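# Structure assessment
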Amino acid sequence: MKRALLAAIALCVAAAPAPKVVPLLEARDLDPALVLPPPPAANSLQALAELAELRAAGAARTAVDEADARLDGDTKNATIFAGVLGPKFDLDRLPATAALLAQVRASEKAAVDRGKDHFKRPRPYIVDPALKSCKRNDDPLSSYPSGHTSMAFSMGETLARLVPEKADALLARAARYGQSRIVCEQHFRSDVSAGQMLGVLIAERLLAKPEFRAAFDAARQELVTAGVAKG
């Protein structure tokens, strides 16, 4: 009976959700409304050019292109960088790094949500229902900035500092991830550019926080010990 009870308790603990990560960046630390330019006005020359780019991207994409872009769209975590960092980059075995990147993700999402709520730009498929977007989001007024792109660049910039010898490849991967939003016709070009800009700012402002810097140093040592980064 006692053994069964202990097993049941262990099962409950294993099934318990991970504790919520509180973002380190508040609006006073980073307000997208103050640091990002507004998106192009509807029907402006730039807006029309961006729509034409999406139509061309949709016409040119192959089945392989679409599958790759869909996979990126469904992968909203640091595993997108595994191909750059190699098999030793296993976040299940890198708790300090996983915790650091979870903080990046929480802070990035909070900042992006503030930006989307402020700008309320219609998604491309709202502007042109004929677009064959990979996915249609619950909130049709959430195009600017691109959250996927800001995630990729906030994590990519952080990892580039953790593993500087692979910085170029990490940021190139972030750029390809952002481009997948164009391939999938889910974001305009200026959405992706704003997401990149915001992602870089998020990483920089997090690194200025002493508590984040301490976690960063622990993750750096962990990655060196694991052979992911050079000492």
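This text gives an overview of the structure that appears in the document. These numbers come from a predicted model, not from an experiment.

Reading the values: rules and limits
Residues numbered from 1 in each chain as written. Predicted model: local features only at pLDDT ≥ 70, side-chain atom pairs only at ≥ 80, totals over all residues. Heavy atoms only, no water. Salt bridge = Lys/Arg side-chain N within 4 Å of Asp/Glu carboxyl O. Buried < 20%, exposed > 50% of the residue type's maximum accessible area, 1.4 Å probe, protein only. Disulfide = S-S within 2.5 Å. Helix = DSSP H or I, 4+ residues; strand = E, 2+ residues; numbered from the N terminus. 1 Å grid on protein atoms, 1.4 Å probe; cavity = no way out; pocket = protein on both sides within 12 Å on 5 of 7 lines; lining within 4 Å. Points joined across faces, edges and corners; volume = space filled by probe spheres on them. Nonpolar A, V, L, I, M, F, W, Y, C, P; charged D, E, K, R; others polar.

## Observations regarding the pattern of salt bridges
- Taken as a whole, this structure holds 16 salt bridges when the rule is applied.
- The residue R61 makes a salt bridge to E66 at a minimum N-O spacing of 3.5 Å.
- Owing to a relative accessible area of 23%, E66 belongs among the partly exposed residues under this scheme.
- D90 is the salt-bridge partner of R93, the closest N and O atoms lying 3.8 Å from each other.
- Take R93: its relative accessible area is 71%, and that puts it in the exposed class.
- A relative accessible area of 28% means that D90 is categorised as partly exposed.
- Shared partners join several salt bridges into a network, and the residues in it are R61, E66, R70 and E185.

## Description of the state of the cysteines
- For the structure shown, the criterion picks out one disulfide.
- Across a sulfur-sulfur distance of 2.1 Å, C134 and C184 are joined as a disulfide pair. Sign of the S-S torsion, about -85 degrees for the bond between C134 and C184, identifies this disulfide as left-handed. Taken together, the positions of C134 in the loop between α7 (124-127) and α8 (147-162) and C184 in the loop between α9 (167-183) and α10 (189-207) put the pair 50 residues apart, joining distant regions of the chain.
- What makes C184 buried here is its relative accessible area of 1%.

## Focus on the environment of A42
- You can see A42 is positioned in the loop between α2 (32-35) and α3 (45-60).
- With relative accessibility at 68%, the residue A42 sits in the exposed group.
- Considering only alpha carbons, one finds A42 and V127, 85 residues apart in sequence, at a separation of 9.0 Å.

## Side note on the layout of surface pockets
- The calculated volume of the largest pocket comes to roughly 450 Å³.
- Taken together, 25 residues make up the lining of the largest pocket; nearest its centre are K76, R123, N137, H148 and R181.
- Considering each element in turn, the lining of the largest pocket owes the most residues, six residues, to helix α6 (residues 95-119).
- Looking at the lining of the largest pocket residue by residue, the class counts come to five nonpolar, seven polar and 13 charged.
- The space that makes up the second largest pocket amounts to roughly 210 Å³.
- Lining the second largest pocket are P39, P40, A41, A42, N43, A47, L48, L51, R121, P122, V127 and F188.
- Ranked by residue count, the leading element in the lining of the second largest pocket is α3, at three residues.

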